[in-house]
Amino acid sequence: MPAVEIVRTIDEVRDAIGGASPVFLVPTMGYFHEGHLSLIRTAAEDKVSEPEGLVAVSLFVNPTQFNDPKDLEAYPRDEERDAALAREAGCDLLFLPTAREMYPPDEGGTRVMPPRVARKWEGEHRPGHFVGVATVVLKLFHIFFPDVAYFGEKDWQQCRVIAEMVRDLNLPVWLKLCPTVREPDGLAMSSRNTRLSKEARARAVELYRALLAVADAAARGEDFQKECERAKERLFAAGFESVDYIAVVDGETLEPASAPGPGLRAIGAATIEGVRLIDNVSVD
Ligand code: AMP
């Protein structure tokens, strides 16, 4: 298996890419699990028919998207393990910049104003989060000039924010959205899951189950508002200490759904043992 090339500066990325084309980029914050690896594997599959192609993975715990300094501090990190896993999944180039490389002390503070779709839900509960996400993703697009970039549906609103940014700013990149990878019990894989005790981990799956129940009610044309309230009660009963939102929304605009219809999504965010989890399922 060829070694993965590890680079830490933007100049090194440009040198490493050279004339490679197409470039397939997977942006991440690391501490890889099967969700991340599925994105990298999809990129590697897309490269098979492209002899000059290159699979690049960025690993950067982006401080500008964390509204809670404690969450940033506690974010798990393991570069060595990640490099080995990325290589196995088919990554050619791994970018591990420092915060100083991405945001040099003399930077002017230019930021991306995220689109409307960023306002509610995560945008409301994590002020500034999507400014940080949109800014770092745009920076990565300008560092790598990827032809294709891969994102996980696990972060549904993030996918929508990036898709709108790409459209609004005419960015020449193709987005590929990959399905959520789950633990055998259904819990969406997340680097934050590792911070849960065994007991809380066992109960955390209730978020997924609650969303399934809401989606099911919406699909059957039932009163899904009532089901959202029931879902919140269910989460508190399972030991979650807070529930930021449980809602049925239009999958494109992220506006709350007023009636059953096509393209809806059940979305939720809740905290257990100090760990904030998010998830979403489609309403079929
Ligand atoms: P993160 O490192 O959490 O920023 O995630 C990097 C990328 O992996 C994002 O596009 C996420 O949406 C995606 N991702 C995270 N968890 C999962 C998952 N369980 N299944 C699929 N994609 C995921």
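What counts as what
- Residues numbered from 1 in each chain as written.
- Predicted model: local features only at pLDDT ≥ 70, side-chain atom pairs only at ≥ 80, totals over all residues.
- Heavy atoms only, no water.
- Helix = DSSP H or I, 4+ residues; strand = E, 2+ residues; numbered from the N terminus.
- Rg over C-alpha atoms; globule rule 2.2 N^0.38 Å.
- Buried < 20%, exposed > 50% of the residue type's maximum accessible area, 1.4 Å probe, protein only.
- Salt bridge = Lys/Arg side-chain N within 4 Å of Asp/Glu carboxyl O.
- Near = heavy atom within 4 Å.
- Polar contact = N/O pair within 3.5 Å; in protein donor to acceptor, adjacent residues only side chain to side chain.
- Areas by Shrake-Rupley, 256 points an atom, 1.4 Å probe, with all protein chains shown as cover.
- Nonpolar A, V, L, I, M, F, W, Y, C, P; charged D, E, K, R; others polar.
- Contact = heavy atoms within 4.5 Å.
- Disulfide = S-S within 2.5 Å.
- Domains from an automatic or database assignment.
- Buried area = accessible area lost by both parts, 1.4 Å probe.

Draft legend 1. Expanded view of the overall build of the protein chain. Helix and strand content of the protein chain: 11 helices and 9 strands. Taken against the 2.2 N^0.38 rule, which gives 19 Å for 284 residues, the C-alpha radius of gyration of the protein chain at 19 Å falls within 12% of a compact globule. For the protein chain, the spread of C-alpha atoms along the three principal axes comes to 55 × 40 × 40 Å. Looking at the protein chain residue by residue over its 284 residues, the buried ones come to 52%.

Draft legend 2. Fine view of the pattern of salt bridges. Counted by the stated rule, this structure contains 23 salt bridges. Between Glu34 and Arg41 there is a salt bridge, and its shortest N-O distance comes to 3.0 Å. Overall, Arg41 belongs to the partly exposed group, its relative accessible area being 34%. When the shortest N-O distance is used, the salt bridge between Arg126 and Asp71 registers 3.9 Å.

Draft legend 3. Just the site of the ligand, in detail. If you check the shell around the ligand, you find 18 residues, and the closest are Met29, His36, Asp155, Val181 and Met189. A distance of 2.9 Å is found between an oxygen atom of the ligand and a backbone nitrogen or oxygen belonging to Gly152. At 2.6 Å, a side-chain N or O of Asp155 approaches an oxygen atom of the ligand. For the ligand, the protein covers 93% of the area, taking 490 Å² as the surface of the free molecule. Where the shell around the ligand is concerned, the elements lending two or more residues are strand E2 (23–28), helix H2 (34–47) and strand E5 (148–152). Looking at the shell around the ligand element by element, the count peaks at 3 residues for H2. For the shell around the ligand, the class distribution of residues is 8 nonpolar, 8 polar and 2 charged.

Draft legend 4. Expanded view of the side chain of Asp82. Considering the arrangement of structural elements, one finds Asp82 in helix H4 (residues 79–89). A polar atom in the side chain of Asp82 sits 2.7 Å from the backbone nitrogen of Tyr31. Beyond its immediate sequence surroundings of up to four residues, Asp82 is in contact with Gly30, Tyr31, Phe32 and Leu59.

Draft legend 5. Expanded view of the state of the cysteines. As enumerated under the stated definition, the model contains 0 disulfides in all. Of the cysteine sulfurs around Cys178, a residue in no disulfide, the closest is that of Cys159, at 8.6 Å.

Draft legend 6. Fine view of the domain arrangement of the protein chain. Domains assigned within the protein chain are domain 1 (5–178) and domain 2 (191–279). On the side of domain 2, 19 residues touch domain 1, which itself brings 21 residues to the contact. Overall, the association of domain 1 and domain 2 removes approximately 1,800 Å² of surface from exposure, summing both partners, and the carbon and sulfur fraction of that is 53%. Interface area lost by domain 1 to domain 2 is led by Trp121, Glu122 and Trp156, which between them contribute 35%. Linking domain 1 with domain 2 are 4 salt bridges. The partner of Glu255 in a salt bridge is Lys120, and the shortest N-O contact between them spans 2.8 Å. The interface formed by domain 1 and domain 2 contains 11 residue pairs in polar contact (both at pLDDT 80 or more). Those elements that place two or more of their residues in the side of domain 1 that touches domain 2 are helix H3 (69–74), helix H6 (122–125) and helix H8 (156–168). If one sorts the elements of the side of domain 1 that touches domain 2 by residue count, H8 sits on top with 3 residues. Class assignment for the residues of the side of domain 1 that touches domain 2 results in 8 nonpolar, 5 polar and 8 charged.

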